[in-house]
Number of protein chains: 2
Amino acid sequence: TSSGSDGSDDDAETTAGKSIYMVSDGTGWTVEHSVNAALGQFEHCLVDRGCAVNTHLFSGIDDVERLMEIVKQAAKEGAMLVYTLADPSMADAARQACMHWGIPMTDMLGPITEAIATHLGVLPSGLPRGAPGRSFPLTDEYFRRIEAIEFSIKQDDGAFPQNLHKADIVLAGVSRTGKTPLSIYLAQKGYKVANVPIVIGVQLPKSLFEVDPEKVFGLTINPLVLQTIRTARAKTLGFSEGMKSNYSEMVHVRQELEFARRILAQNPVWPVIEVTGKAIEETAAVVLRLYHDRKHKCSMPRISKRY
Amino acid sequence: TSSGSDGSDDDAETTAGKSIYMVSDGTGWTVEHSVNAALGQFEHCLVDRGCAVNTHLFSGIDDVERLMEIVKQAAKEGAMLVYTLADPSMADAARQACMHWGIPMTDMLGPITEAIATHLGVLPSGLPRGAPGRSFPLTDEYFRRIEAIEFSIKQDDGAFPQNLHKADIVLAGVSRTGKTPLSIYLAQKGYKVANVPIVIGVQLPKSLFEVDPEKVFGLTINPLVLQTIRTARAKTLGFSEGMKSNYSEMVHVRQELEFARRILAQNPVWPVIEVTGKAIEETAAVVLRLYHDRKHKCSMPRISKRY
Ligand SMILES: Nc1ncnc2c1ncn2[C@@H]1O[C@H](COP(=O)(O)O)[C@@H](O)[C@H]1O
Ligand SMILES: Nc1ncnc2c1ncn2[C@@H]1O[C@H](COP(=O)(O)O)[C@@H](O)[C@H]1O
Ligand SMILES: [Mg+2]
Ligand SMILES: [Mg+2]
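Here is what the cut-offs are and how they apply
Residues numbered from 1 in each chain as written. Chains lettered and ligands numbered in written order. Predicted model: local features only at pLDDT ≥ 70, side-chain atom pairs only at ≥ 80, totals over all residues. Heavy atoms only, no water. Helix = DSSP H or I, 4+ residues; strand = E, 2+ residues; numbered from the N terminus. Expected span 1.5 Å × (residues − 1). Buried < 20%, exposed > 50% of the residue type's maximum accessible area, 1.4 Å probe, protein only. Arc of directions from axis to C-beta. Contact = heavy atoms within 4.5 Å. Phe/Tyr/Trp six-rings, centres within 6.5 Å; stacked < 30°, edge-to-face > 60°. Lys NZ or Arg CZ within 6 Å of the ring centre and 35° of its normal. Buried area = accessible area lost by both parts, 1.4 Å probe. Salt bridge = Lys/Arg side-chain N within 4 Å of Asp/Glu carboxyl O. Polar contact = N/O pair within 3.5 Å; in protein donor to acceptor, adjacent residues only side chain to side chain. Nonpolar A, V, L, I, M, F, W, Y, C, P; charged D, E, K, R; others polar. Pairing = 2+ DSSP bridges. Near = heavy atom within 4 Å. Areas by Shrake-Rupley, 256 points an atom, 1.4 Å probe, with all protein chains shown as cover. Axes fitted to C-alpha atoms, helices over the stretch in contact; angles between N-to-C directions.

Asks: Explain helix α4 (residues 64-77) of chain B here, please?
Replies: Residue pairs spaced three or four apart in an α-helix point in one direction, given the helix's 3.6 residues per turn. Residues and elements named next belong to chain B. The end-to-end C-alpha distance of α4, which contains 14 residues, comes to 20 Å, matching closely the 20 Å that a straight helix rising 1.5 Å per residue would cover. Taken together, the buried positions of α4 are Leu-67, Ile-70, Val-71, Gln-73 and Ala-74. For α4, the buried positions fall inside an angular range of 160 degrees around the axis, keeping them on one side. Exposed residues on α4 whose side chains face more than 90 degrees from its buried face are Glu-65 and Lys-76. Those residues of α4 that are buried lie in contact with β1 (18-24), β2 (53-58), β3 (80-84) and α5 (88-101). Immediately beyond the C-terminal end of α4, within one or two residues, lies Gly-78, with a positive phi of roughly 65 degrees.

Right, here's the structure in full:
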């Protein structure tokens, strides 16, 4: 998949491939996330470009006029429409216009919202998230999340080891096991994360061995994959030949992973997570599953929240 | 809503409120995101706890045995089930078990996946994201995202102004307008973001006025709301009385916002975004809408991607 900042979306290219129009009265991130996951089911033909797909996200669509313009444009392009519209009259308008123009459509949140309404015995408000009057509450959770992000940035790459006791989660692993993006991913979910690099021959901070071992997670990776990633990294950083070879040379990579393996093994309470082949969000799911399981010891591992 | 790191999910509390079981063969983030957005439609009763909701996320569920255990537990608790299961036989098993136990259920991705399949004329693979054999491609996009995150961390809070020209997006605003969490949110989406604090009496880096003005975004906020946020912040940081009053005192807050307003007004190409009452992801949607609109000048503002 190709992403935001340089997605090729000039008109010439978008004609070569099927289009999916995504419409939301809010940010559009829910419909984008869902379509993205669904497209995972078509990777077998997306990767070899057998069936290229262009997605177009229209966010903040809260009046019928703009909605109708988008539907008409979708009809012209032969696109399908996926929408999340909280106002029932907007959702109806989308559905009827699509039927009128013969456009395939999916209401992404309508069914789940109805199901929850029945389950709770409460009618949905029908108000989009940006609706006037819906004052944004500066909740404790809001502040806590921002604090988690600021903490995790500050604690990146082994900085301020004296603060490890303040972290909810501590990640340890050699360079390029994804500690930084994983820390940030978890921070966005409200966890204060610190990450500590394991470097061959460099002593780890004493505090790492003093904090609650149940919150420390080791990351490991296949040496061949690590070498590939490090070679790419060395190129990006413009390493000199000498530095590069030491950092990404196979012998060194294996030695450093072995050094890390031994340290992690000496602390058997720390789980060691294999990150090879996992996207950041997949590793995050594994970490949080273990984290909540250890904290709450449910019969079936789960992450629970209260709204 | 209460979130991950300290969500109250001990057994005593979870009984007081309706339960939603969320099941995925992957990370579970898609079903969590969707349920979360849908619950926004019930804020009118969630906030005053008229109808408390407990969600339970079960991720990595890729065998029928565990799936059945969860469905049985849901039946026992009177919960509803929301699932994303790529393997059609797993999805069928969930549906039939729910019907058997009389559990309300929603298949979150089934309908959109079918609609996309019809639209593309291709069958879905039926393989969950972690399925064996699905080798994770170390794509350019993957590396670019990680680079964006690392860049944005490094450029937080005005650091390394000589690098502003390397950023895709530059954010400028006074302290506590959400520059840091917004930078990180955008970085996760693949954009290299730098943020520059505006502080009364402190000169802004020359490079801010030398970079492409189309990529600079000003953030502004209501003075009363800012004062509230800063007071909370000062408490967290443990500011002394003297520092606190200067930072969060109303006169100072107003003066600093006026100082910022004048600088932003002197650079009329920079859009100024009002963040009052907006969640981080809402401000992110506004920034990216403007960013893509300026870059691509479509008749209808959109964010386009190619898969
Ligand atoms: N906090 C909320 N309150 C009300 N509606 C929401 C909330 N969050 C999301 N929604 C709705 O859920 C759908 C998806 O939101 P978004 O991800 O912002 O596009 C839109 O129809 C929004 O209006
Ligand atoms: N890249 C992918 N390839 C195949 N299936 C995917 C991919 N990403 C997500 N899915 C599926 O989409 C649903 C939601 O994924 P998740 O958000 O990880 O729970 C699950 O059924 C996953 O198996
Ligand atoms: Mg790092
Ligand atoms: Mg900041």
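Asks: Sorry, what's going on with the packing of aromatic side chains here?
Replies: Describing an aromatic ring pair means giving the distance of the ring centres and the angle of the ring planes. One pass over the structure, following the stated rule, counts 10 aromatic pairs over all chains. Aromatic side chains B:Tyr21 and B:Phe58 sit 5.1 Å apart centroid to centroid with 35 degrees between the ring planes, which places their arrangement in the tilted category. Residue B:Tyr21 is found in strand β1, and its partner B:Phe58 is found in strand β2; the two are separated by 37 residues along the sequence. Of the two residues examined, B:Tyr21 and B:Phe58, each falls in the buried class. Here the guanidinium or amino end of A:Lys189 rests over the ring plane of B:Trp29, the centre of that ring lying 3.8 Å away. Stacked on the ring of A:Tyr247, the Lys or Arg A:Arg230 has its end atom at 4.6 Å from the ring centre.

Asks: It is not clear to me how the interface of chain A and chain B should be interpreted in this structure. Could you clarify?
Replies: By convention, interface size is frequently given as the accessible area that disappears when the constituent parts associate. Facing 124 residues of chain A, the contacting portion of chain B comprises 124 residues. For chain A, the biggest contributors to the area lost against chain B are A:Trp29, A:Arg306 and A:Tyr307; these three give 10% of the whole. Inspection of the region where chain A meets chain B yields 10 salt bridges. Close ionic contact of B:Arg129 with A:Glu281 constitutes a salt bridge, the shortest N to O distance being 3.1 Å. Summed over the shared surface of chain A and chain B, the result is 45 residue pairs in polar contact (both at pLDDT 80 or more). With 11 residues, the top contributor of residues to the side of chain A that touches chain B is helix α12 (residues 280-296) of chain A. Grouping the amino acids of the side of chain A that touches chain B by side-chain chemistry returns 58 nonpolar, 37 polar and 29 charged. The pairing of strand β2 (residues 53-58) of chain A with strand β9 (residues 303-306) of chain B spans four bridges and is antiparallel.

Asks: Whenever I open this one, the site of ligand 2 confuses me. Can you help?
Replies: Close to ligand 2 lie 19 residues, the nearest being B:Ser24, B:Asp25, B:Thr27, B:Gly28 and B:Thr30. The environment of ligand 2 is shared, with nearby residues belonging to chains A and B. Take B:Thr30: an N or O atom from its side chain is 2.5 Å from an oxygen atom of ligand 2. B:Arg129 places a polar side-chain atom, nitrogen or oxygen, 3.0 Å from an oxygen atom of ligand 2. Taken by itself ligand 2 offers 480 Å² of open surface, and the protein chains cover 93% of this. Its residues assigned to classes, the shell around ligand 2 comprises seven nonpolar, eight polar and four charged.

Asks: What is the right way to read the sheet that holds strand β7 (residues 216-220) of chain B from this model?
Replies: Sheets are built from strands paired through backbone hydrogen bonds, the pairs being either parallel or antiparallel. Residue and element names in this part refer to chain B. Spatially, four strands are ordered β6-β5-β7-β8 in an open sheet, and the strand pairing comes out parallel. In this open sheet, the two strands that pair with only one neighbour each are β6 (193-197) and β8 (272-274). Neighbour to neighbour, the strand axes of the sheet diverge by 30 degrees on average, direction disregarded. Relative to β7, strand β5 (residues 169-173) runs parallel, the two being bridged by three bridges. Along β7, the bridge assignment pairs Val-170 with Val-216. Its contacts with the sheet place helix α8 (residues 179-188) against β5, β6 and β7, and it is angled at close to 170 degrees to β6.

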